[in-house]
Amino acid sequence: MPRSEVELMADILSRYDQDGNLREMVAGFEALIGNPLGRLILSMTPVKVPQVKDLLEQQRRLLLSGARSVLLFAPRGWAPCGLTPQSMLEEALEVYDRAGSIDEAEAVLVEGWNQSAISLRFCETRLRGLGMADEELGQLCRARAELVEKALKHHQAGAYEASVPIVLAQIDGLVRDMTDGVHGFFSGLGDRSHLRDATTVPGVDEGLDALQRYFGARQDITSSTGAASRHGILHGRELGYDTKTNSTKALVLLLAVIEWAVPRAREIAERRKTEREARWAGSNELDERGARLDRRGFSEMRAELRTVHIRQIAEYRRTTVTRRT
């Protein structure tokens, strides 16, 4: 049974506020302004009741627009993720409410995601950092990031016929890596439980689950409809997939899958670390490259160094884009 906006709002809030501190604070403020003594206390501070009401309303509006956008746009191929600009979502919803046109609202999303060279670039930078805690996983993620960087260049050049298949392939491969090869993203319209979780925004029931149905639908008749069916695209059945909209949707989906993958990558790294240390702790043996098999502390130091490296790259790109604009 489909959930209401209120139910989805509560779910999204629980994912942003996993320790419950924000909800506790909001409840405290609501109780404060709802009590005469509380309002009297506020009147003696720099914070006034109207300001608190405005803040509570802003928080409610943010959650409502987030829930509405998931229910409205996810079935159309727009993946929810924590990096989605809030102002863009609100503008798209305003256009939809005013014009009643989902196509016009989607045009706002396409323009919004492509307005800055930085937004979609997070696909590459976050993917590079995804496997930092595990050497093997890190190598795979960095190799994927190299391909995604090429896809981004194709996208920016308008070569959508090249960007879309590259990104779709990396999405499927990344999901397989995060599920020990058991599940992909596009295969199997039956069991999609691996795409749902209790901690990430893309993992809501209406998130990646709905996106799998959109991108994973079979297309057995050759046509040129502009659909984003992975099956149709990679098997040569969809001939009109090379659009800016489809390329943008695929890149946003990759962003969402990376966000979904973060806790799973952490679990994989911890499991492998435990297994490796149990086997090689105290050993002086070397691998075929001459590296010690007892590598306690190596991954942590490498992760710290790569974090510094990634932040330096992001800052360089940000300042470079700022200067150009």
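My aim in this report is to walk through the structure given alongside it, one point at a time. Predicted model, so just to flag it, every value in this text is computed and none were measured.

## Structural notes on the overall build of the protein
Now for step 1: Within the protein, the regular secondary structure consists of 13 helices and zero strands.
Now for step 2: Counting from the amino terminus, helix and strand elements in the protein follow one another as α-α-α-α-α-α-α-α-α-α-α-α-α.
Now for step 3: Expressed as a percentage of the 325 residues in the protein, the buried residues total 46%.
Now for step 4: Contacts in the protein between residues at least 24 apart in sequence constitute 62% of all its contacts with a sequence separation of at least 6.
Now for step 5: When the accessible surface of the protein is split by element, carbon and sulfur atoms take 55% of a total near 17,100 Å².

## What to know about helix α6 (residues 102-114)
Now for step 1: With 13 residues, α6 extends 19 Å between its outermost C-alpha atoms, agreeing within 8% with the 18 Å of an ideal straight helix rising 1.5 Å per residue.
Now for step 2: All buried positions along α6 are accounted for by Ile102, Ala105, Glu106, Val108, Leu109, Val110, Gly112 and Trp113.
Now for step 3: Between the side-chain oxygen at the start of α6 and the backbone nitrogen of aspartate 103 there is a gap of 3.4 Å, and the oxygen is on serine 101.

## Notes on the environment of methionine 9
Now for step 1: Relative to the elements of secondary structure, methionine 9 occurs in helix α1 (residues 5-16).
Now for step 2: Look at methionine 9 and you get buried, because its relative accessible area is 13%.
Now for step 3: As for methionine 9 and arginine 60, which are separated by 51 residues in sequence, their C-alpha atoms are 8.7 Å apart.
Now for step 4: Aside from chain neighbours lying at most four places away, what touches methionine 9 is Arg60, Leu63, Leu64 and Ala67.

## Let's talk about the pattern of salt bridges
Now for step 1: According to the stated counting rule, one finds 23 salt bridges in the structure shown.
Now for step 2: The partner of arginine 68 in a salt bridge is aspartate 97, and the shortest N-O contact between them spans 2.8 Å. Of the two residues, arginine 68 sits in helix α4 (residues 49-73) while aspartate 97 sits in helix α5 (residues 86-99), which places them 29 residues apart along the sequence.
Now for step 3: Taking the relative accessible area as the measure of exposure, aspartate 97 reaches 49% and is therefore partly exposed.
Now for step 4: We note a salt bridge from aspartate 197 to arginine 264, for which the minimum N-O separation is 3.3 Å. One end of the pair, aspartate 197, is in the loop between α9 (160-178) and α10 (208-215); the other, arginine 264, is in helix α12 (residues 244-280), with 67 residues separating them in the sequence. The two residues aspartate 197 and arginine 264 agree in class, both being buried.
Now for step 5: What emerges from the salt-bridge pattern is a single network uniting Arg3, Asp11, Arg15, Asp197, Glu206 and Arg264.

Definitions and limits used
Residues numbered from 1 in each chain as written. Predicted model: local features only at pLDDT ≥ 70, side-chain atom pairs only at ≥ 80, totals over all residues. Heavy atoms only, no water. Helix = DSSP H or I, 4+ residues; strand = E, 2+ residues; numbered from the N terminus. Buried < 20%, exposed > 50% of the residue type's maximum accessible area, 1.4 Å probe, protein only. Contact = heavy atoms within 4.5 Å. Areas by Shrake-Rupley, 256 points an atom, 1.4 Å probe, with all protein chains shown as cover. Expected span 1.5 Å × (residues − 1). Polar contact = N/O pair within 3.5 Å; in protein donor to acceptor, adjacent residues only side chain to side chain. Salt bridge = Lys/Arg side-chain N within 4 Å of Asp/Glu carboxyl O.

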